[in-house]
Amino acid sequence: MLRSLMALVCAALFLISPAHAAERWTKAQAHSWYEAQPWLVGANYNPATAINQFEMWQAETFDPATIDKELGWASAMGMNTMRVYLHNLLWENDPEGLKQRMDQFLAIAAKHKIKPMFVLFDSCWDPNPVAGPQHPPIPGVHNSGWMQAPGAARLADKSQHGKLEAYVKDIVGHFANDDRVLVWDVWNEPNNDGGGNYKPTPNKKAMVAGLLGQVFDWARSAKPKQPLTSGLWIGDEWSDVNKLDAVEKIQVAQSDVISFHDYNWPETFEGRVKQLQVYGRPLLCTEYMARGNGSTFDGSLPLGKKYGVAMINWGFVDGKSQTRLPWDSWKKPYTGDEPTIWFHEVLRSDGTPYRQAEVDLIKRLTAAPKGVVPTK
């Protein structure tokens, strides 16, 4: 009860306080920030012991020992960032506890010289998020417990959007001047229908288009020293604004640094980079690497270094998210044989590489000077 009251008080304070949102960073500001960073390489991170955002962050299942172990493995291969998902319900149920655990996570990450990027909202997978104990993984199915944020009901109910505003302003504001935080990714794949076998959310894209710009404004009003972004992920032509949908237009107009996802062959990845260069801002690839789809470390990572693109693959240690299994496991679960090749993930649960050559490549590329792509 006390935690809920605290969340309501925070919401009320933010709603009566005038928002003086800062301006979007200039291109010069964005490049100045980016030039001060190392070449950024990492993974979308969820500890192997957590099926989703709730199991990662809730007090009952927060697992700092596993996080410390796994981030140590990441640092040892040269990774220096991680993309990590939050959830608005985590804040609503326990705002102070969430911030305390985020601080603990950041302390562990800093020990390993890793600066995380936090994701505030997400349009992928289960549209009906529920806090508390989470169901076990569905056997043989990729990412079977992941939850959308804010979820279908909260997205459709404008009377609840004040809580979303309070969540964004409190979390971003609390860490706005924290050097341990790299970037705020305000919404993952906002125009994604959801995926899996879940019932689609009616009018979802229009509702997201009506909210995404506000989310940018809320985050920017906290005046963070970190840049804001939201990544493009679908469509054939990103260089022509007239060919973007309503959500994508907000993404490219509001992002301080341009981020994108690409799970295709290296020639497609390279084409994406060239399309996005027209915006004149630093580029961050915040999802890639789906071996069975043609996206590999071997094909994409050297191109990322060649073009100075930050590279954050999907998945790190095989665990309860089961993303070693491909997307099509939602239609044909891998309950018998394993897939011929792992779809995502870098390491097995014991920390050994799925494929040693990939880890060797990450080490080699991250050890070389910025902008240098070693031939061997």
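Draft legend 1. Quick look at unusual backbone geometry. Cis peptide bonds are those with omega within 30 degrees of zero, and the linkage from A149 to P150 qualifies with 10°. The residue P150 is located in the loop between β3 (117-122) and α7 (152-156) in this model. At W125, a position not held by glycine, the phi torsion is positive, near 75°. With a relative accessible area of 12%, W125 lands in the buried category. A positive phi is found at M289, a non-glycine position, where the angle reads about 80°. Locating M289 in the fold gives a position in the loop between β7 (283-287) and α12 (297-307).

Draft legend 2. Representation of the confidence of the model for the protein chain. Scored by pLDDT, the protein chain comes out at a mean of 95, with 94% of its residues at no less than 70. Within the model, pLDDT remains below 50 along residues 8-20, and this stretch shows 16 contacts once partners closer than five positions in the same chain are excluded.

Draft legend 3. Layout of the sheet that holds β7. Across the sheet, which stays open at both edges, the eight strands sit in the order β5-β4-β3-β2-β1-β8-β7-β6 with parallel pairing between neighbours. Looking along the sheet, the strands with just one partner apiece sit at the ends: β5 (228-229) and β6 (258-261). As defined by bridge partners, β6 adjoins β7 across four bridges and the pair is classed as parallel. Paired with I258 across the two strands is L283, which belongs to β7. Along the sheet, helix α11 (residues 266-276) contacts β6, β7 and β8 (310-314); its crossing angle with β6, the most-contacted strand, is approximately 155°.

Draft legend 4. Looking closely at the environment of P302. As for its placement among the helices and strands, P302 is situated in helix α12. For the pair P302 and A43, spaced 259 residues apart in sequence, the C-alpha separation works out to 16 Å.

Draft legend 5. Representation of helix α4 (residues 64-76) in the model. Over its 13 residues, α4 runs 18 Å from end to end, which matches the ideal 18 Å to within 8%, given 1.5 Å per residue. Listed in full, the buried residues belonging to α4 are T66, I67, E70, L71, G72 and A74. Contact partners of the buried residues in α4: β2 (81-85) and α6 (95-111). A positive backbone phi angle near 100° is found at G78, which sits one or two residues after α4.

Here is what the cut-offs are and how they apply
Residues numbered from 1 in each chain as written. Predicted model: local features only at pLDDT ≥ 70, side-chain atom pairs only at ≥ 80, totals over all residues. Heavy atoms only, no water. Helix = DSSP H or I, 4+ residues; strand = E, 2+ residues; numbered from the N terminus. Buried < 20%, exposed > 50% of the residue type's maximum accessible area, 1.4 Å probe, protein only. pLDDT = per-residue confidence, 0-100. Contact = heavy atoms within 4.5 Å. Pairing = 2+ DSSP bridges. Axes fitted to C-alpha atoms, helices over the stretch in contact; angles between N-to-C directions. Expected span 1.5 Å × (residues − 1).

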